[in-house]
Amino acid sequence: MRAVKRRSFLQGCGGAALTIPWFDSLLGAASKRGDLNPTRFVAVGAYLGFHQDSFFPEAVGKDFVSPMLLEPLERHRDHYSVFSGLDHRAASGHHNWSSFLCGKKIGSESLDQRLARHLSTGCRLESLQLAAGKPVEAMSFSAEGVPLPEIYRASQAYSQIFTSSSDRERNRAILTSGRSVIDDVLNDAKSLSGKLNHHDRQRFDQYLEALRSVELRMAKNLNALDMETVEIPYKLPETDPVSPSRMLESESIMYDLISLALQSDTTRVATLNIDGKGPVFTFDGQPLQAGYHALSHHGNDISKIQDLLRIEREHTKCLSAFLDQLHGISDSEGRTLLDTTTVLLGTGMGDASRHENLNLPTLVAGGMVKSVGHLRYDSNGETLLGDLFLSIERAHGLENRKFCEAHAGISELEK
Amino acid sequence: MKFSRSLVQAVLFGLAIAASSFGARVAISQDVPISAEIPDQGLTFLETNCLECHDSDLAEAGVDLSVYDFDVSSAEKVAMWERVMTAVSDGVMPPQDQKRPTSIQRTEFLSWLDRALLNAGSVQRTGVRPLTRSELESTLEETFRLSLDLSDMSFPRNRKAHFDRIAEGSFVSSHLLTMYQAAGERVVDALSLQREEIVEPKIWELGVEQFNNSYSSITVKGDRVWLASGVEDVIRSSTWPTRFIAPADGIYKLTFRLAGLSDDSPLRLDIHAQNPLLPEGGISTKRHLAFVELNSDHERVTTVEIALQAGEVPLFYLSSSPLKLEGDLFETYLDSLFRKHPEFLSVLLSAEHHELSQWRGSAGYQKLLDLSKLEEHRNRGVGKGHPGYRRLIHWIKQSRALFAETFVHHHVEHGPSLALSGVSVEGPLAPFWSPRDERIEQSLKFFYGRLLVGDAIDESLRLSDDRKEISNWLRGVLRRAFRSYPTESEVICYTDLIIGTSKEAGATIEEITRKLVAKLVVSDRFLFHQHPMASEEEMLAARLSFMLSSRPPSGSLWQEAGELFSKSGMQKHAAELLQRSSSQAFYEEFVGQWLHVSDIRQIMPDQKFRFNDRLFRGIEEEPVKFFQLMVEEDRPLEDFFDPDFVYTSPFVASRIYGIPDVLVPDRRPANQWVPEKITISADHPNRGLIGMAAPLMATSNGVDTELVHRGVWFLESILGRDLPGPPEAVPAITPDTNGARTPAALLRKHTAHKGCVSCHQKIDPFGVVLERFDPIGRVRESYETGARIDAEVTTFDGRELRDVEDLRQWMLQNIDQFGVGLGVRLLEYGVGRRLNYTERDEVKKLVVKLQSAGELRTRTFLLELLTTDTFKSL
């Protein structure tokens with residue numbers, strides 16, 4: 001029996017079919033790699049954050065009344081927790097937004113990358129970094145401190161996840177050429193290593209290891225080109241939604257693509273960076289009174305906050321639809337994709353109106369960590385956002401003792 | 001004081017390794033562990049003054065001095081002893097509140113440590129490291145004889161050193177190799193003739209809801225899109241269809257209905273080409289395609305034909321709009337607006353300036369309109385003569401982008417403005433000559449040369465199969481790629497690759513190119529700078545060329561590389577390189593990283609600073625141009641601090657430095673952005689490096705200043721000191737954007753913490769002095785809250801500084817310290833490694849020599865540095 005039901009795949013705009021690699025089942029594909037309990041992680045970051053009063057519930061615990069921004073998530077009430085008072089103690093300003101997944105020191109390996117090395121073993125892509133709108137600040141950083149490029153064109157993201165038949169031959173040519181020469185290069189380089197001093201030898205060893213890992217990835221990609229495929233009725237819009245006015249449309253599509261990437265087991269870790277420049281959005285045929293960024297500087301003007309919340313509510317609506325998708329796909333054991341995924345919604349900006357990076361609105365959904373409702377912390381207390389990240393890592397089987405300056409974790413989340 | 005002989009012997013032992021297969025190079029290395037006993041007096045000093053905090057248990061600031069040996073077997077250990085040297089000689093250690101050594105004890109200890117460190121670290125050799133992004137780009141260009149742009153690719157940043165090209169901290173990861181492969185694919189694309197598939201023409205009907213709207217760039221009313229802004233930033237003034245992108249190069253026919261609203265002057269709509277994947281930027285950077293003029297209050301259907309490249313969209317811009325922000329145009333605009341509408345002036349004269357956001361956008365305009373209808377404003381009859389007028393204009397100009405979003409709505413209602421009623425696009429109707437195809441054909445011929453058989457347009461195009469011819473051609477290609485002559489076995493190996501690929505059934509030139517590139521870009525010979533297979537001459541030529549041009553060596557430098565070992569030869573070739581246009585890369589990359597200027601693009605200035613792309617560029621290029629001028633005119637080092645000019649654009653000079661009368665009214669706006677030498681008063685706080693906008697901005701966070709960051713910048717970039725990173729366990733002292741906490745309070749917080757004091761005692765005073773400059777480099781007397789800025793400090797060595805001017809005077813009196821700092825950074829950039837104690841000492845001696853000869857000038861100093869042992873050690 002195919003564990004992934006055909007009907008479970010996303011229904012897009014209709015029309016031409018999409019071809020993606022077909023696995024017998026999510027579980028089946030994973031078990032072929034000896035991975036019996038695959039788990040997944042998705043992080044979503046909003047560049048301008050969320051209006052705190054409309055994001056944090058008044059009450060703590062499970063019996064809170066959903067504030068306006070959490071209303072769209074009401075049906076997932078049992079599957080998420082919301083946190084107030086957490087941050088990395090990072091300095092203020094837009095520039096420090098990138099501390100979101102890194103902790104206070106921007107450029108430290110980000111949470112998604114720490115998890116990717118562990119979770120995506122054997123997947124074609126170790127992780128997938130997407131953006132809605134052209135991102136201003138990077139969200140993911142490799143272990144070497146490299147900000148990872150984020151794809152903001154839906155068509156590019158799509159071809160990253162699914163090789164279309166037109167790209168297939170070109171990719172095959174690139175991969176075949178690349179792979180065949182790497183063996184040669186490896187042999188040439190190995191013959192040199194005996195002639196090197198200590199420092200150069202270390203660098204060469206790094207290089208040889210990197211070459212081997214590139215070769216491995218190319219082999220994986222080549223294999224993926226030969227995999228069985230299935231037609232998926234998902235169609236991208238004719239033109240990429242890259243113009244600022246289409247940012248919300250792009251956000252929705254990127255969520256769809258993440259969902260497809262998880263379903264096809266192309267990767268198990270994905271990030272989505274939601275940009276925050278100046279598009280003036282139109283709702284019900286009526287444009288808002290100012291651009292997104294200008295609204296975020298609302299200066300506590302009620303009408304501006306109302307307009308801002310129209311946009312921010314779209315973000316939580318998109319998230320809710322994404323959780324619906326994950327919830328709607330079951331494996332043969334009856335577990336939904338949401339059961340084995342952690343979805344983190346957060347930001348590096350606590351209050352965009354004041355450019356303050358404290359008390360970051362944060363929400364965690366999915367079945368890997370316990371749902372505890374609303375946990376409130378003292379912004380001057382000892383618990384940091386890194387503690388939440390540590391708990392997420394532990395829930396996914398990582399035994400890290402420290403995330404930046406946090407080392408305790410949040411015991412309430414343990415299952 | 002008696003010291004162990006064995007120390008000297010130990011440190012000198014084993015420094016040379018045989019060069020054998022790598023040519024005649026005498027390499028100097030620290031492969032062999034070095035350690036020696038610390039003499040008794042040294043041990044006593046450590047025990048009495050240091051061990052209370054720096055024993056193996058506490059090891060404050062990561063320094064453990066519970067040792068008996070002077071162990072310099074690793075870079076970390078050497079760095080630790082150097083930190084001890086600096087801390088004791090600066091007087092920072094032992095701390096002020098501890099028992100202090102006598103001056104004799106201190107001098108004796110420092111004297112021993114100085115000698116020990118000098119003996120321990122003779123000049124080093126530089127380890128291999130991967131090419132940086134710009135080096136990769138230029139090496140690929142040189143190898144394949146084409147031009148490339150890799151600036152959009154994300155390369156690892158060296159976070160452990162001042163420069164990306166420092167070997168320590170560089171890392172070869174699979175991510176880096178993937179980047180190299182991606183760069184290689186760009187080479188393959190640039191050498192592959194695209195036989196594009198024919199795209200059938202089609203019609204797109206684009207309704208008003210499909211036009212981009214950001215920052216009030218358009219107003220949609222019914223079936224019309226209104227344009228009224230003439231602001232330079234495309235994203236704030238123009239619009240484009242969001243659901244059309246040209247599918248192929250070609251001619252496209254645009255049909256649209258226009259309606260105008262204007263008093264008397266004609267309206268002009270300009271159409272430019274825009275690639276929505278690239279940064280929006282300014283309208284002046286977009287390719288102009290067509291324009292349409294319309295008399296006031298007319299309506300008509302217009303058709304224009306435009307040439308678009310695949311991926312582009314048409315951009316609509318109302319160039320006749322009076323609402324422009326550049327230079328004096330905005331003030332002229334405001335004068336005219338308030339002359340016609342004194343009621344607006346009256347409302348804004350009564351406004352509270354801190355409640356800025358309420359005036360923004362359509363809501364702001366509506367508020368302005370509602371209030372202006374009140375009796376008190378309607379008939380108030382205020383004008384330019386009002387005593388608050390100048391202050392109001394200043395306030396509005398401070399937030400010009402914000403107010404442009406307000407006033408634009410006035411013009412939508414009352415003109416001049418212009419409406420589009422949707423657009424019909426038809427195309428591609430006919431192909432147009434695309435320079436891209438021709439460029440590829442030329443590149444192909446240029447790269448393969450005589451090896452190419454047949455006509456490039458013809459499908460029968462192939463490569464010669466003559467083995468000898470291929471090998472000869474490859475010798476040149478590999479030489480350029482490796483920055484070193486290839487061995488015969490390498491030539492044979494690559495020849496086999498080409499012949500083997502050619503023989504594969506149906507292999508095209510593209511496939512041969514792909515295979516060649518795929519192998520080259522990940523091979524160690526290509527990827528590593530200072531590869532051990534290169535000869536001494538080749539290495540030195542590559543070092544000099546990559547330093548002064550960021551390009552691999554070519555031409556006479558390559559032919560005459562042997563001359564580089566003589567002083568005259570080195571200086572001759574260096575002078576030649578500095579004369580070439582490629583030296584621009586040296587100025588940009590060195591200054592960008594030395595002064596942290598390359599960081600400013602990552603900063604998003606708060607809207608209160610009303611930044612645009614051109615202001616960014618103006619600020620960014622100033623230090624580069626300034627440094628270039630210092631070198632080219634061989635100016636004395638004192639001019640880094642006390643020049644009688646700034647070298648920047650009139651716009652930056654006026655906007656940031658407040659230099660009066662610098663904007664020439666009849667000059668074209670674009671020329672206000674061209675950098676020039678502008679005279680500055682002898683007491684202007686912004687003169688020289690200390691008051692330059694770019695580093696001051698790079699050491700802020702876009703919202704407010706970061707005084708610690710500025711202090712670190714001063715120590716590292718100006719004084720050439722290396723500081724350890726902040727300890728992780730210590731929480732950040734968050735800058736307060738409201739300025740409620742004073743710098744003095746912050747200082748106390750740092751100095752109260754034992755782990756912080758040794759560094760922050762040095763860092764913070766300089767940061768406090770630089771508080772006199774706001775986050776974009778403007779002089780300020782107070783914070784936004786009105787709190788006065790108090791810049792009086794005492795530095796770690798007891799100097800009292802009252803202001804920026806004191807700091808400047810101190811630098812002038814101690815210009816040798818700056819000279820050492822600059823020299824160290826220049827050499828580090830050139831050789832690609834951190835300098836050790838001995839090498840810093842060589843720089844010090846050079847500075848002393850030049851200073852006593854009255855020759856401490858920028859270009860002279862730079863050329864002398866290139867002849868030091870430190871630069872030439874391979």
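As a reminder, the structure under discussion sits directly above these lines.
This is a predicted model, so every value here is computed, not measured.

Asker: Describe the packing of helix H2 (residues 40-49) of chain B against helix H5 (residues 103-120) of chain B, listing the residues and the values that go with them.
Answerer: All names here are of chain B. In the contact formed by H2 and H5, the axes pass within 10 Å of each other and the chain directions differ by 120°. Between H2 and H5, the crossing angle belongs to the class labelled oblique. Considering the relative orientation of H2 and H5, their crossing is left-handed. For the pair formed by H2 and H5, the contact residues are Gly42, Phe45 and Leu46 on the first element and Gln105, Arg106 and Phe109 on the second. Considered class by class, the residues forming the contact of H2 with H5 number 3 nonpolar, 2 polar and 1 charged.

Asker: Tell me what's going on with the sheet that holds strand S13 (residues 313-318) of chain B, and back it up with residues and numbers.
Answerer: Residues and elements named next belong to chain B. One open sheet holds the 3 strands; their spatial order is S11-S10-S13, and the pairing between them is antiparallel. At either margin of the open sheet sits one strand with a lone partner, and together these are strand S11 (287-294) and S13. Here the strands of the sheet are splayed against their neighbours by 25° on average, with no regard to which way each runs.

Asker: Could you give an account of the sheet that holds strand S4 (residues 128-132) of chain A, with specific residues and numbers?
Answerer: All names here are of chain A. The 7 strands lie next to each other as S4-S6-S2-S9-S10-S3-S11, forming an open sheet whose pairing is mixed. Every interior strand has two partners, whereas the edge strands, S4 and strand S11 (373-376), have only one. Mean inter-strand twist for the sheet, computed between neighbouring axes without regard to direction, equals 15°. Summarising the sheet, strand S2 (residues 40-46) and strand S6 (residues 269-274) pair through 6 bridges and their orientation is parallel. The partner of valine 42 across the bridge, within S6, is alanine 270. Packed on one face of the sheet, helix H11 (residues 385-395) meets S2, strand S3 (80-84), strand S9 (341-346) and strand S10 (362-366) and runs near 10° to S10.

Asker: Any details on empty space enclosed by the protein? Residues and values, ideally.
Answerer: Residue and element names in this part refer to chain B. The final tally for this structure, using the stated rule, is 10 cavities of 30 Å³ or more. Reported here for the largest cavity is a volume of approximately 140 Å³. Taken together, 14 residues line the largest cavity, and the ones lying closest to its centre are Leu325, Arg400, Arg610, Phe611 and Asn612. Every element with two or more residues in the lining of the largest cavity is listed here: helix H14 (400-414) and helix H25 (650-655). Across the lining of the largest cavity, the residue classes tally to 6 nonpolar, 1 polar and 7 charged. Looking at which domains feed residues into the lining of the largest cavity, each of domain 2 (202-428) and domain 5 (588-644 + 682-813) supplies at least three.

Asker: Summarise the interface of chain B and chain A; cite the residues concerned and give the values.
Answerer: Across the boundary between the two partners, chain B contributes 79 residues, which contact 79 residues of chain A. Approximately 6,400 Å² of surface area, both sides summed, lies buried where chain B meets chain A, with 55% of it carried by carbon and sulfur atoms. For lysine 202 of chain B, the salt bridge identified is with glutamate 238 of chain A, shortest N-O distance 2.8 Å. For the interface between chain B and chain A, the tally reads 22 residue pairs in polar contact (both at pLDDT 80 or more). The dominant element in the side of chain B that touches chain A, judged by the number of residues it contributes, is helix H7 (residues 174-190) of chain B, at 7 residues. Residue composition of the side of chain B that touches chain A, by class: 36 nonpolar, 25 polar and 18 charged.

Calculation criteria
- Residues numbered from 1 in each chain as written.
- Chains lettered and ligands numbered in written order.
- Predicted model: local features only at pLDDT ≥ 70, side-chain atom pairs only at ≥ 80, totals over all residues.
- Heavy atoms only, no water.
- Axes fitted to C-alpha atoms, helices over the stretch in contact; angles between N-to-C directions.
- Helix = DSSP H or I, 4+ residues; strand = E, 2+ residues; numbered from the N terminus.
- Parallel < 35°, antiparallel > 145°, perpendicular 65-115°, else oblique.
- Left-handed = near helix turned anticlockwise from the far one by under 90°.
- Contact = heavy atoms within 4.5 Å.
- Nonpolar A, V, L, I, M, F, W, Y, C, P; charged D, E, K, R; others polar.
- Pairing = 2+ DSSP bridges.
- 1 Å grid on protein atoms, 1.4 Å probe; cavity = no way out; pocket = protein on both sides within 12 Å on 5 of 7 lines; lining within 4 Å.
- Points joined across faces, edges and corners; volume = space filled by probe spheres on them.
- Domains from an automatic or database assignment.
- Buried area = accessible area lost by both parts, 1.4 Å probe.
- Salt bridge = Lys/Arg side-chain N within 4 Å of Asp/Glu carboxyl O.
- Polar contact = N/O pair within 3.5 Å; in protein donor to acceptor, adjacent residues only side chain to side chain.

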